[in-house]
Amino acid sequence: MSDCIFCKIINGDIPSYKVYEDEDVYAFLDITQVTKGHTLVLPKKHVKDLLEYDEELAEKVFAKLPKISRSILKAFPKAKGLNVINNNSELAYQSVFHSHIHLIPRYSKEDDFSIHFGNHQKDYTKEEMKEIAEKIAKEL
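Residues numbered from 1 in each chain as written. Predicted model: local features only at pLDDT ≥ 70, side-chain atom pairs only at ≥ 80, totals over all residues. Heavy atoms only, no water.

Enquirer: Help me out: how do you make sense of the nonpolar core in this one?
Expert: As a rule of thumb, nonpolar side chains are buried together in soluble globular proteins. Of all hydrophobic cores here, the largest spans 13 residues; its most connected members are Val41, Tyr53, Val61, Ile68, Ile101 and Leu103. By residue number, the principal contributor to this core is helix α3 (residues 65-75), which donates three residues. Core analysis: the second largest hydrophobic core is formed by nine residues, Cys4, Ile9, Phe28 and Leu40 among them. (Core = buried A, V, L, I, M, F, W, Y, C linked by side-chain atoms within 4.5 Å. Buried < 20%, exposed > 50% of the residue type's maximum accessible area, 1.4 Å probe, protein only. Helix = DSSP H or I, 4+ residues; strand = E, 2+ residues; numbered from the N terminus.)

Structure (structure tokens):
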């Protein structure tokens, strides 16, 4: 897509700090490093979000996540883990509409990054949980 910033990065029209590349996947440092080593992994094929992946594309992209994640943790041994995040829609904080996965190294609980689920968690009954699961499973 000609006006997509990530497509321009993949094509070399905009510089990036490349971490990994193969024929299907491109990974580079997020310009706004949440923590040191924050990396974006994306398919070279332009798809808006995770909902546009077919199984083949998902296999190609997600198969690279462990390898890239391990390389981040080896490069930064003080990192003790990482968050794998996908923002899928504007409501879910997606700001660039070319699918991408964030790999965010975690150094400590005080590294100024958090995921907050809020105080709005609801306890569902067993019957409600069964109904929710069945509703999702029916759509598979």
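Enquirer: Where do I start with the sheet that holds strand β4 (residues 81-85) in this structure?
Expert: Within a beta sheet, neighbouring strands are joined by backbone hydrogen bonds and run either parallel or antiparallel to one another. Spatial ordering of the open sheet is given by β1-β2-β3-β5-β4, a layout of five strands whose pairing is antiparallel. The open sheet has two free edges, formed respectively by β1 (18-21) and β4, since each of these has just one partner strand. Direction aside, neighbouring strands of the sheet carry axes that sit 20 degrees apart on average. Bridging between strand β2 (residues 25-29) and strand β3 (residues 39-43) involves five bridges; their strand directions are antiparallel. Pairing of Leu29 across the sheet is with Thr39, part of β3. Taken strand by strand, α3 contacts β1, β2, β3, β4 and β5 (101-106), and its axis lies near 30 degrees from that of β5. (Pairing = 2+ DSSP bridges. Axes fitted to C-alpha atoms, helices over the stretch in contact; angles between N-to-C directions. Contact = heavy atoms within 4.5 Å.)

Enquirer: Mind showing me how you'd approach the pattern of salt bridges here?
Expert: A side chain with one charge may pair with a side chain of the opposite charge, provided their charged atoms come close. Considering all chains together, one arrives at eight salt bridges under this definition. With its nearest N and O atoms 3.7 Å apart, the salt bridge here joins Asp24 to Lys60. A residue pair is termed long-range when its members are at least 10 positions apart, and Asp24 in the loop between β1 and β2 and Lys60 in helix α2 (residues 55-62) qualify at 36 residues. One salt bridge connects Glu56 with Lys60, and the closest N-O pair in it is separated by 3.0 Å. (Salt bridge = Lys/Arg side-chain N within 4 Å of Asp/Glu carboxyl O.)

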